[in-house]
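Listed below are the residues making up each chain.
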Amino acid sequence: MKQKDLLYTGKAKSVYRTDAKGKLIVEFRDDITAFDGGKKDVLAKKGSYNAEVSRFIFEYLEEHGVKTHFLSMIDERRMVVRELAMVPLEVIVRNVAAGSIVRNYPFKEGTPLNPPVIVIDYKDDSRHDPMLNDDLIIALGLTTAQELAKIKTVALEINRLLSALLLKQGITLVDFKIEFGRQGRTIYLGDEISMDSMRLWDKKTGASLDKDVYRFNKGDVMATYNNVAGRITGKKSPAQNKR
Ligand code: C5P
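Residues numbered from 1 in each chain as written. Predicted model: local features only at pLDDT ≥ 70, side-chain atom pairs only at ≥ 80, totals over all residues. Heavy atoms only, no water.

S.K.: Would you mind showing me how to read the pattern of salt bridges here?
M.R.: Any two side chains of opposite charge can pair if their charged atoms end up close together. A full pass over the atoms with the stated rule returns 24 salt bridges. One salt bridge connects Arg29 with Asp31, and the closest N-O pair in it is separated by 2.7 Å. Assessed through its relative accessible area of 18%, Arg29 is described here as buried. By relative accessible area, Asp31 is classed as partly exposed at 23%. (Salt bridge = Lys/Arg side-chain N within 4 Å of Asp/Glu carboxyl O. Buried < 20%, exposed > 50% of the residue type's maximum accessible area, 1.4 Å probe, protein only.)

S.K.: Explanation requested: the sheet that holds strand S3 (residues 23–28) in the structure shown.
M.R.: By way of backbone hydrogen bonds, the strands of a sheet pair with one another, either parallel or antiparallel. With respect to topology, five strands assemble into an open sheet ordered S1-S2-S3-S7-S6, the strand pairing being antiparallel. The open sheet has two edge strands, strand S1 (3–9) and strand S6 (70–75), and neither has a second partner. Neighbour-to-neighbour, the strand axes of this sheet turn through a mean angle of 30°, independent of strand direction. The pairing of S6 with strand S7 (residues 78–82) spans four bridges and is classified as antiparallel. Each residue of the ladder has a partner; that of Ser72, found in S7, is Val80. Here helix H1 (residues 46–63) sits on the sheet in contact with S3, S6 and S7, set at roughly 150° to S6. (Pairing = 2+ DSSP bridges. Helix = DSSP H or I, 4+ residues; strand = E, 2+ residues; numbered from the N terminus. Axes fitted to C-alpha atoms, helices over the stretch in contact; angles between N-to-C directions. Contact = heavy atoms within 4.5 Å.)

S.K.: I would appreciate a short explanation of the packing of H1 against helix H4 (residues 145–168) in the present structure.
M.R.: Angle between the axes and distance between the axes are the two parameters that describe a pair of packed helices. The geometry of H1 relative to H4 is characterised by a closest axis approach of 11 Å and an angle of 120° between their N-to-C directions. What the angle tells us is that H1 and H4 run oblique. Considering how the two elements wind past one another, H1 and H4 form a crossing that is right-handed. Along its contact with H1, which presents Phe56, Ile57, Tyr60 and Leu61, the element H4 presents Ile158, Leu161, Leu162 and Leu165. For the contact of H1 with H4, the class distribution of residues is eight nonpolar, no polar and no charged. (Parallel < 35°, antiparallel > 145°, perpendicular 65-115°, else oblique. Left-handed = near helix turned anticlockwise from the far one by under 90°. Nonpolar A, V, L, I, M, F, W, Y, C, P; charged D, E, K, R; others polar.)

S.K.: Help me understand the packing of H1 against helix H6 (residues 221–233) in this model?
M.R.: Put simply, H1 and H6 touch, their axes get as near as 10 Å, and they point 20° apart. Comparing the axis directions of H1 and H6 gives the class roughly parallel. In terms of crossing hand, the pair formed by H1 and H6 is left-handed. Packed against H1, whose contacting residues are Lys46, Tyr49, Asn50, Glu52, Val53 and Phe56, the element H6 presents Met222, Tyr225, Asn226, Ala229, Ile232 and Thr233 at the interface. Its residues assigned to classes, the contact of H1 with H6 comprises seven nonpolar, three polar and two charged.

S.K.: What is the right way to read unusual backbone geometry from this model?
M.R.: Most peptide bonds adopt trans geometry, and most residues besides glycine take a negative phi value. Between Asn114 and Pro115 the backbone carries a cis peptide bond, its omega angle lying at 10°. In this structure, His128 is a non-glycine residue whose phi angle is positive, near 60°. Phi at Asp191 takes a positive value of approximately 55°, unusual for a residue other than glycine. With respect to the element layout, Asp191 can be found in the loop between strand S13 (186–189) and strand S14 (198–202).

S.K.: What exactly am I supposed to notice about the site of the ligand here?
M.R.: In the vicinity of the ligand, 15 residues are found, and the nearest of them are Glu90, Arg94, Ser100, Asp175 and Arg199. Here an oxygen atom of the ligand sits 3.0 Å away from a polar atom, N or O, in the side chain of Arg199. Within the contact set of the ligand, an oxygen atom lies 3.0 Å away from a side-chain nitrogen or oxygen of Arg215. Contact with the protein chains covers 81% of the free accessible surface of the ligand, which is 450 Å². At the level of secondary structure, the elements contributing two or more residues to the shell around the ligand comprise strand S9 (89–96), strand S11 (171–178) and S14. Residues that form the shell around the ligand fall into these classes: four nonpolar, three polar and eight charged. (Near = heavy atom within 4 Å. Polar contact = N/O pair within 3.5 Å; in protein donor to acceptor, adjacent residues only side chain to side chain. Areas by Shrake-Rupley, 256 points an atom, 1.4 Å probe, with all protein chains shown as cover.)

S.K.: Where do I start with a nonpolar patch on the surface in this structure?
M.R.: A grouping of Tyr105, Phe107 and Met131 is seen on the molecular surface, where their side chains present a nonpolar patch of about 280 Å² in accessible area. Position of Phe107 relative to the elements: it lies in the loop between helix H2 (100–104) and strand S10 (112–122). Residue Phe107 is classed as partly exposed on the basis of its relative accessible area, which comes to 35%. (Patch = residues over 30% accessible without salt bridge, like charges linked within 9 Å, V, L, I, M, F, W, Y side chains within 5 Å.)

S.K.: When you look at the sheet that holds S13 in this model, what are you seeing that I'm missing?
M.R.: Ordered by their spatial adjacency, three strands build an open sheet running S8-S12-S13, and the pairing between neighbours is antiparallel. With one partner strand each, in any of the chains shown, strand S8 (85–86) and S13 form the two edges of the open sheet. Pairing between S8 and strand S12 (residues 180–183): two bridges, direction antiparallel. Bridge pairing in S12 places Ala85 opposite Arg182. Lying over the sheet, H4 contacts S12 and S13, oriented at roughly 125° with respect to S12.

Here it is in structure tokens:
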């Protein structure tokens, strides 16, 4: 398969057309951003850690019956995916109160949320991704009521599967953000699931193991990503072996 022209460039990934019908290439770049792009850096190898964790999680979810856009890896930072018509929603599932819901609502950080809380934001940087509700999603024509119900069911199933996977590695899945898209009438999980899009706490120490290390200068971001990628995928990367 040949990589063709650039279709879309986001804050940390680029999407390319290919010569194969219905297939795109997603490249995970080394760019890292936070606070609506207000903080930006380039961290060597970051893209490959996120690509590896996304691949591992997509394969794990597929094995458990979740339809994802992932098809195969080309190299350590590029994956072949199904071309989807993306639904402009950021679907966030929360198991523990942290981040924006602690800033915006009277939750105490660390409070378990049981059952998990789903928050859906409108993916639009110029509007700072405002929170939606079901009526707004339908009124804006972003999904049908049936599609929205399906998206929520799949999001909760992904949460159940991922929480169990991570717990085995001593990691609490505090929250995560996912995005969906359509190919025909089928809804697929798209985008990525990585240390940039999950909030992960070490079960024993409570230490942040995700982009919060970058957002709030909590330590060595790439040492954290390298270590967490190894824990999640069960593989030690060459960089870890050198330590
Ligand atoms: O900032 P907030 O607490 O709302 O984020 C909830 C979760 O969604 C975090 O894991 C965060 O990394 C992720 N997120 C994301 N992309 C965004 C907003 C949040 O991946 N644009």
